[in-house]
Amino acid sequence: MAKRINRMQFLRGDFEGEGAFRPPWAIAENTFTDICDRCDQCLKACPLNIIKPGIAGFPEIDFSRGGCDFCESCAQACPTQALHITDSNIEMPWQHIANVKTSCLSENGVVCRCCGDVCEMHAIRFKLVVGGSALIDLNTEECNGCGECVSVCPVQAIEMQHVQNANQLEINP
Ligand code: SF4
Ligand code: SF4
Ligand code: SF4
């Protein structure tokens with residue numbers, strides 16, 4: 001079945017409906033831009049200042065500024081329920097995980113553990129390999145997508161990636 005996308009997604013060529021990283025507990029992307037009124041309350045509420053106005057002024061997470069600690073302030077400040085915490089989604093605030101690119105220093109024989117040091121989920125470990133160096137090993141099952149590892153990487157080798165999730169709320173405008 002074809003994915004439903006909204007006008008905003010169409011205009012920016014996001015035919016998979018996966019483009020922006022919305023703040024945690026955002027409703028499904030195909031209704032988010034209909035419900036969100038771009039009031040900026042979530043931006044103002046975020047104590048870590050990681051939410052920025054994205055395309056057309058809709059809020060997006062900027063992981064280059066740091067990771068999310070899931071404090072819930074943005075969702076509590078949202079007047080429209082575009083960010084919406086329920087009993088069923090509280091443990092799953094969003095649908096993306098980290099991905100390590102081949103530019104990772106450990107993949108290239110250089111000692112670096114910056115990302116592993118900040119990962120509270122212990123999703124990033126380093127495996128010793130022949131020759132004494134250590135290779136990065138990201139356990140995507142453990143990753144909660146907080147993004148803490150993105151900004152600390154000295155070579156920008158970590159990016160966030162969307163994953164499919166059936167739990168995301170669909171709210172009709
Ligand atoms: S949960 Fe807290 S830290 Fe994360 S984006 Fe919302 S306000 Fe910012
Ligand atoms: S911080 Fe970056 S370069 Fe260092 S181990 Fe992690 S991904 Fe690799
Ligand atoms: S995004 Fe995933 S791998 Fe990176 S710090 Fe957060 S839990 Fe760890």
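As a reminder, the structure under discussion sits directly above these lines.
Because the structure is a prediction, the values reported are computed rather than measured.

Rules used throughout
Residues numbered from 1 in each chain as written. Chains lettered and ligands numbered in written order. Predicted model: local features only at pLDDT ≥ 70, side-chain atom pairs only at ≥ 80, totals over all residues. Heavy atoms only, no water. Phe/Tyr/Trp six-rings, centres within 6.5 Å; stacked < 30°, edge-to-face > 60°. Helix = DSSP H or I, 4+ residues; strand = E, 2+ residues; numbered from the N terminus. Buried < 20%, exposed > 50% of the residue type's maximum accessible area, 1.4 Å probe, protein only. Near = heavy atom within 4 Å. Nonpolar A, V, L, I, M, F, W, Y, C, P; charged D, E, K, R; others polar. Polar contact = N/O pair within 3.5 Å; in protein donor to acceptor, adjacent residues only side chain to side chain. Salt bridge = Lys/Arg side-chain N within 4 Å of Asp/Glu carboxyl O.

Observations concerning the packing of aromatic side chains
Each aromatic ring pair is summarised here by two numbers: the centre-to-centre distance and the angle between the ring planes.
Alright, step 1. Using the criterion set out here, one finds four aromatic pairs in the structure.
Alright, step 2. Centre to centre, the rings of Phe21 and Phe63 are 5.7 Å apart; their planes meet at 75°, and the pair counts as edge-to-face. Of this pair, Phe21 sits in the loop between helix 1 (7–11) and helix 2 (29–35) while Phe63 is found in the loop between strand 2 (59–61) and helix 4 (73–77), placing the two residues 42 residues apart along the sequence. The pair Phe21 / Phe63 is uniform in exposure class, with both members buried.
Alright, step 3. When the centroid spacing of 5.8 Å and the interplanar angle of 70° are considered together, the rings of Phe63 and Trp94 count as edge-to-face. Residue Phe63 is located in the loop between strand 2 and helix 4, and its partner Trp94 is located in the loop between helix 4 and strand 3 (96–100); the two are separated by 31 residues in the primary sequence.
Alright, step 4. Exposure remark for Phe63: the relative accessible area of 7% places this residue in the buried category.
Alright, step 5. Assessed through its relative accessible area of 7%, Trp94 is described here as buried.
Alright, step 6. Taken together, the ring pairs connect Phe21, Trp25, Phe63, Phe70 and Trp94 into an aromatic cluster.

So, the site of ligand 3
Alright, step 1. Taken together, Ala98, Cys119, Met121, Ile124, Leu138, Cys143, Asn144, Gly145, Cys146, Gly147, Glu148 and Cys149 make up all the residues around ligand 3.
Alright, step 2. Considered class by class, the residues forming the shell around ligand 3 number eight nonpolar, three polar and one charged.

Considerations on the side chain of Asn89
Alright, step 1. Looking at the secondary structure, you find Asn89 in the loop between helix 4 and strand 3.
Alright, step 2. Note on Asn89: relative accessible area 5%, which makes it buried.
Alright, step 3. Engagement of the side chain of Asn89 in a polar contact is seen with the backbone oxygen of His84, the distance being 2.9 Å.

Remarks on the site of ligand 2
Alright, step 1. Residues in close proximity to ligand 2 include Cys104, Leu105, Cys112, Cys114, Cys115, Phe126, Ile136, Cys153, Pro154, Val155, Ala157 and Ile158, which together make up its full environment.
Alright, step 2. For the shell around ligand 2, a count of residues per class yields 12 nonpolar, no polar and no charged.

Some remarks on unusual backbone geometry
Alright, step 1. One non-glycine residue, Asn49, lies in the positive phi region at around 55°.
Alright, step 2. Along the chain, the position of Asn49 falls in the loop between helix 3 (41–45) and strand 1 (51–53).
Alright, step 3. Despite not being glycine, Ala56 shows a phi value in the positive range, around 60°.
Alright, step 4. By the element assignment, Ala56 lies in the loop between strand 1 and strand 2.
Alright, step 5. The partly exposed category is assigned to Ala56, whose relative accessible area is 39%.

Some remarks on the pattern of salt bridges
Alright, step 1. In total, this model carries two salt bridges according to the counting rule given.
Alright, step 2. A salt bridge links Arg22 to Glu29; its shortest N-O distance comes to 2.8 Å.
Alright, step 3. With relative accessibility at 6%, the residue Arg22 sits in the buried group.
Alright, step 4. Its salt-bridge partner being Asp62, residue Arg65 comes within 3.3 Å of it at the nearest N-O pair.

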